[in-house]
Amino acid sequence: MSRRIFRRSPARLKGGVGLTALAGFTVLTLAACGGSSGSSSAAAPATSGSATSASIVWEASPLSGTGANDARTVLINAFEKQYPKIKVTLISAPTSTDTYRATVATQISGGASTPDVFMGDVIWPAQFGAHQLAVPLSKYLPSSYWSKFAPGLVTGASYKGAVYGSPLFEDQGFLYYRKDLLSKDGLPVPTTWEQLETDAKAVLAKGQTKYGFVWEGDSYEGLTCNFMEYLTDAGGTATNSGYTKATLNSAAALKAVTFMRSLVTSGVTPAAVTTFQEPQAMDTFGAGNSVFLRNWDYAYSTAITPADGGKLTASQVGVEPLPTFSGMSAPGYSNIGGWNMYINPHSKAIGADLTFIQWLSGTTAQDILSQKYGFISTVESVRSAPATIASNPVFAVVPKTKLVPRPAGTPEYPALSTAIYTNVNAALAGSSTPAAAVAAMESAANAALSSTSSGGL
């Protein structure tokens, strides 16, 4: 999720990014898999060498920028400059992630050879791997390739021991706050959820903002992301390690849902949060109407960019890791979002596909994504580079965060997530008690995990 394509293409820092070729970059081709007329088999081992001429189709959702500054176009141009014999044609994917997932799954399951490569959510590997809708990349790319990525990303891109997605960019939840208001009232940045609630009440009591804390509480995937942060902070999990049984009717889940509901009943969070997705929460904070915001990495730039609706200045907006519950080790957990690169098993140019996704994980592409467009790099050496950290205040916070994935290691994840967010939303709206919500959540989650009807698609 994250940016989940509900992003409004916020303006990014415009610093120049060098497009120099990657030194020592290894090009992979496939024996018996040359250009666009080659074999469609994904079984041959990868070999080193020069990629032959090929035309490939890349399907990707809008990221940031428009026209010549569209991030996807900039990446393609830089790639083709280094590999002029490989032509990449862009197909713009639907802006709704669920619609996109259904569309590309239908295409590939029907035997379509394009798109050759496609950008997809970090929660897709189990669903696509189980249905042979993506190439097991670890069959072709060595262990040394995967070692460069930040901890947890490769595990999240895996299913049953095979890696299906090459991490393109990462995202995670952050706490955004009004530096000016906390300073004016002599309040520290909260490190616990309880303190955040107390501080928000203090600012509200003085009439300094309309709301205390806004976040994503609508009945959709974003609420699952928010809930996983509270659940993990409380010491809970959503399923057992094998993804065969739900563990949601627990003291930790009850604590998480009870606190989330209390934010609404206390007046710290507006009752309308039950309809808030990323844009609504972002617009509320960016307009200066809330002390605190939970959102993804783009929120800082959006809040201070008038063209994106932001009415705040850099001196008014701060960012820190999310809080945790009192008595737990700070900081709190941030849900992992982001997007991977996948290869269509029916592609007729898998060698060129591999070359392209490798390049996208290299320094040149990752610098473009992070320093020009503000995406969190998936590569450790890039995300920790001084130039990257200096390019965006959010990047300085990334090394301080603790990450938690969604329970997406099962092909039945869509139904599992639905069980979570529908019941948490009911509790937030007051139509269900927290205790009844966690009980119903577990029941629905177990039904999802035991289902074999759809396999997640």
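The structure presented is a predicted model; accordingly, all values stated were derived computationally and were not measured. By convention here, each chain's residues receive numbers from 1 onward along its written sequence. Selection of residues for local features in this predicted model requires a pLDDT of at least 70, selection of side-chain atom pairs for listing and counting requires 80 or more, and totals for whole chains, interfaces and linings are taken over all residues. Hydrogens and waters are ignored; side-chain quantities use all the structure's heavy atoms.

### Digging into the pairing of strand 5 (residues 117-121)
Throughout this description, buried means an accessible area under 20% of the type-specific maximum (1.4 Å probe, protein chains only), exposed means over 50%, and partly exposed covers the range between. Strands here mean DSSP runs of E at least two residues long; helices mean DSSP runs of H or I at least four residues long; both are numbered from the N terminus. For strand 5, the tally of buried residues reaches five of five residues, placing the bulk of the element in the interior. Whether two strands pair depends on DSSP finding at least two bridges between them. Both strand 3 (residues 54-60) and strand 5 contribute to a ladder of two bridges, which runs parallel. Looking across to strand 5, one finds that Glu59 is bridged to Phe118.

### Topic: the packing of aromatic side chains
When two rings of Phe, Tyr or Trp (its six-membered ring) have centres within 6.5 Å they constitute a pair, described as stacked for plane angles under 30 degrees, edge-to-face for angles over 60, and tilted for the intermediate range. For the structure on display, the rule yields 23 aromatic pairs. The interplanar angle of 85° and the centroid separation of 4.8 Å between the aromatic rings of Tyr145 and Trp146 together place this pair among those described as edge-to-face. Relative accessible area serves as the criterion here: at 7%, Tyr145 is assigned to the buried category. Centre to centre, the rings of Trp193 and Phe259 are 6.3 Å apart; their planes meet at 50°, and the pair counts as tilted. Taken together, the positions of Trp193 in helix 7 (residues 193-205) and Phe259 in helix 9 (residues 251-265) put the pair 66 residues apart, joining distant regions of the chain. Assessed through its relative accessible area of 8%, Phe259 is described here as buried.

### A word on unusual backbone geometry
For the bond from Thr114 to Pro115, the omega torsion is 5°, close enough to zero to count as cis. Residue Pro331 is reached from Ala330 by a cis peptide bond, and omega for that bond is 0°. Counting through the fold element by element, Pro331 comes out in the loop between strand 12 (317-320) and strand 13 (333-343). Phi angles above zero are rare outside glycine, and Lys160 is one such case at about 50°. With respect to the helices, strands and loops of the structure, Lys160 is situated in the loop between strand 6 (158-159) and strand 7 (162-163).

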